[in-house]
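Single-letter residue listing:
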Amino acid sequence: MKVELEADKCVASGQCVVAAMDVFDQDDDGIAILLEETPAPELLDDVREAVAVCPAAAIRLVER
Amino acid sequence: MTLNRIVVVGASAAGLAAAETLRREGYDGTLTLVGDEPLAPYDRPPLSKQLLSAEWEPERLTLRPAADLAALDLDLRLGVAATGLELADRTVRLADGSQVPYDGLIVATGVRPRKLPGEGAHVLRTLGDALTLRDQLAPGLRLVIVGAGFLGAEAAAVAWRLGAHVTLLEPAPVPLAHAVGTRVGELLTRAHVDRGIDLRCGVGVSEVTEDGVRLADGEVVEADEVLVAVGSRPNTEWLEGSGLPLGDGVVCDEYCEAARNVYAAGDVARWYNPLFGTSMRIEHRTNAAEQGMAAARNLFRPDARKPFAPVPYFWSDQYDMKIQAYGYLRGHDEVAVVEGDLAERRFVAAYRTGDRVAGALSVGMPPKVIRQWRQAIAAGTAWEEAVRVEAAVGEG
């Protein structure tokens, strides 16, 4: 599975970092940074949580 | 009871999150999603920001690509409002006359804008509302905005940037003071005045007229267009007489349950948040998604129900300011600036309720700083401790 992040949609809420801190971080302006484009399987539930809670619908998890 | 038919009423952020969560959790029965708007689920926060300013077109607001939505295998009923609920028969009535039976129900019907007497004013809740207002925004337009809350302030910032002459009318002496306190409210408000917006506080508006608005004292403020942004009310009329407990929203317990196998989520839900020990109804985008997920899980896994105890979060973009807040600021007893400087518009303000830190609001601060305060709020940290640690770090 591959994570897609549309950074220009990001509203800097940091909800993705709260949900999946091993996969996402934020820059100094708060904009999300993708740390792991293809996270390990045990992280995927956290990523799905991040997809669901992102208030900008800026994250997708897609089959690759 | 086996759940074979689940109905989610409301197809915005909360309803969509509920539907997605049910499928993710493994629910494979009939899943009906009812929405009164004809559009596929879309995002509302950009309506008063990028959509209004025409930086974004409506397509960007779509919450899920069509393929993702199709993969949910929904019985999708868009453009049709729910009109009634029969709790005993476990049936939802729709405006097209159909009746939809359920084993489990999630109510996520949201809110709608409060209005003022008189015709012709804009409101800002739906994509249609935003596009209608956007069509009018142009240099030189005389725009009166009634209500200097977050929505009115965001719209004012966009209209100002597009060259409109904005008058902002606010009934309270200090805008947002009830939410963020007087000092922070004054500071946020100054951003309007600095840009030449005609901000008038302590001004009641009695009606919208053909020429603008009439104030409580009889004066008419002339306008080409009027936007009313004076808050909203929960969409619960369709539930009146159903037996579902109502009171400024659908009244739920800490699991977001309002009646057996009937849950509520999002702007319409008033639930008991055990983290703050109080009942609350939160009109924030993040809460809609989180509560939709929580309600769906609790409905689908009754043996593993969890209280919904989130730290609320909201943000607002006004001019060059990004305002972010965590926690429950309402009814706070004290505000303290714990980082940065109010005058520089780079700060964190912490909010005390009782003896604990209940909220934090930041402007222009790096995310790691505000996230520490989120953790303090989530942990229910004592005020003395949180502020003392902060002071020690500040001196170091």
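Residues numbered from 1 in each chain as written. Chains lettered and ligands numbered in written order. Predicted model: local features only at pLDDT ≥ 70, side-chain atom pairs only at ≥ 80, totals over all residues.

The name given to chain B in an unreviewed UniProt entry is NADPH-dependent 2,4-dienoyl-CoA reductase/sulfur reductase-like enzyme, with the source organism recorded as Streptomyces pseudovenezuelae. One UniProt comment on chain B, placed under Cofactor (unreviewed entry), says "FAD". (UniProt positions renumbered as here; feature names shortened; annotations may be inferred.)

The name given to chain A in an unreviewed UniProt entry is Ferredoxin, and the organism recorded there is Streptomyces pseudovenezuelae. The Function (unreviewed entry) comment attached to chain A in UniProt states, word for word, "Ferredoxins are iron-sulfur proteins that transfer electrons in a wide variety of metabolic reactions."

Novice: For unusual backbone geometry, give the residues involved together with the corresponding values.
Specialist: Although it is not a glycine, Ala12 of chain A adopts a positive phi angle of roughly 65 degrees. Considering the arrangement of structural elements, one finds Ala12 of chain A in the loop between strand 1 (2–5) and helix 1 (15–19). We classify Ala12 of chain A as partly exposed; it has 19 C-beta atoms within 10 Å. One non-glycine residue, Leu176 of chain B, lies in the positive phi region at around 70 degrees. Take Leu176 of chain B: it is sitting in the loop between strand 10 (165–170) and helix 5 (177–180). (Helix = DSSP H or I, 4+ residues; strand = E, 2+ residues; numbered from the N terminus. Buried ≥ 20, exposed ≤ 12 C-beta atoms within 10 Å, placed from the backbone.)

Novice: Describe the packing of helix 1 (residues 13–24) of chain B against helix 7 (residues 285–300) of chain B, naming the residues involved and giving the relevant values.
Specialist: All names here are of chain B. One can describe the packing of helix 1 onto helix 7 by two numbers: an axis separation of 7 Å at closest approach and a directional angle of 35 degrees. Pair helix 1 / helix 7 crosses with right-handed handedness. Judged by residue contacts, Ala13, Ala14, Gly15, Ala17, Ala18, Thr21 and Leu22 of helix 1 engage Arg285, Ala288, Ala289, Gln291, Gly292, Met293, Ala295, Ala296, Arg297 and Phe300 from helix 7. Along the lines of polarity and charge, the residues of the contact of helix 1 with helix 7 split into 11 nonpolar, four polar and two charged. (Axes fitted to C-alpha atoms, helices over the stretch in contact; angles between N-to-C directions. Left-handed = near helix turned anticlockwise from the far one by under 90°. Contact = placed C-beta atoms within 7 Å. Nonpolar A, V, L, I, M, F, W, Y, C, P; charged D, E, K, R; others polar.)

Novice: An account of the domain arrangement of chain B is requested, with residue identities and associated values reported.
Specialist: Residues and elements named next belong to chain B. Per the domain assignment, the segments making up chain B are domain 1 (5–112 + 232–304), domain 2 (115–228) and domain 3 (320–392). A separation of 28 Å is found between the C-alpha centroids of domain 2 and domain 3. Between domain 2 and domain 3, the contact holds eight residues from the first and nine residues from the second. Taken together, the elements giving at least two residues each to the side of domain 2 that touches domain 3 come down to helix 5 and helix 6 (182–194). Among the elements that take part in the side of domain 2 that touches domain 3, helix 6 stands out by supplying five residues, more than any other. Looking at side-chain class alone, the side of domain 2 that touches domain 3 contains six nonpolar, one polar and one charged residues. (Domains from an automatic or database assignment.)

Novice: Break down the UniProt feature "domain: Reductase C-terminal" (unreviewed entry) in chain B for me, with residues and values.
Specialist: Per the UniProt annotation, the sites labelled "domain: Reductase C-terminal" (unreviewed entry) are residues 313–387 of chain B. The span residues 313–387 of chain B is 23% helix and 49% strand, and its two end C-alpha atoms sit 20 Å from each other.

Novice: Any details on the environment of Arg281 of chain B? Residues and values, ideally.
Specialist: All names here are of chain B. Structurally, the position occupied by Arg281 is in the loop between strand 21 (278–280) and helix 7. In this structure Arg281 comes out as buried when scored by C-beta crowding, with 20 C-beta atoms within 10 Å. For the pair Arg281 and Asn298, spaced 17 residues apart in sequence, the C-alpha separation works out to 18 Å.

Novice: So, the pairing of strand 5 (residues 91–94) of chain B: which residues are in play, and what are the values?
Specialist: Residue and element names in this part refer to chain B. The alternating pattern of strand 5 places Val92 and Leu94 on a buried face, while none of Thr91 and Arg93, on the opposite face, is buried. Bridge count between strand 4 (residues 82–86) and strand 5: four bridges; the pairing is antiparallel. For Ala82, the partnering residue across the bridge sits in strand 5 and is Leu94. Direction of pairing for strand 5 relative to strand 6 (residues 99–101): antiparallel, over a ladder of three bridges. Looking at strand 6, one finds that Arg93 is bridged to Gln99. The hairpin formed by strand 5 and strand 6 contains four residues between the paired strands, and Gly97 there has a positive phi angle of roughly 90 degrees. (Pairing = 2+ DSSP bridges.)

Novice: Give me the sheet that holds strand 21 of chain B: which residues, what numbers.
Specialist: All names here are of chain B. Here three strands make up an open sheet; going across it, the order is 17-20-21 and the pairing mixed. For this open sheet the edge positions go to strand 17 (250–251) and strand 21, each flanked by a neighbour on one side alone. Note that strand 20 (residues 269–273) and strand 21 share three bridges and pair antiparallel. What sits directly across from Asn273, in strand 21, is Thr278.

Novice: Tell me about the environment of Asp75 of chain B, and name the residues and values.
Specialist: Looking at the secondary structure, you find Asp75 of chain B in strand 3 (residues 75–78). When the C-alpha atoms of Asp75 of chain B and Val7 of chain B are compared, they prove to be 9.1 Å apart, with 68 residues separating the residues in sequence.

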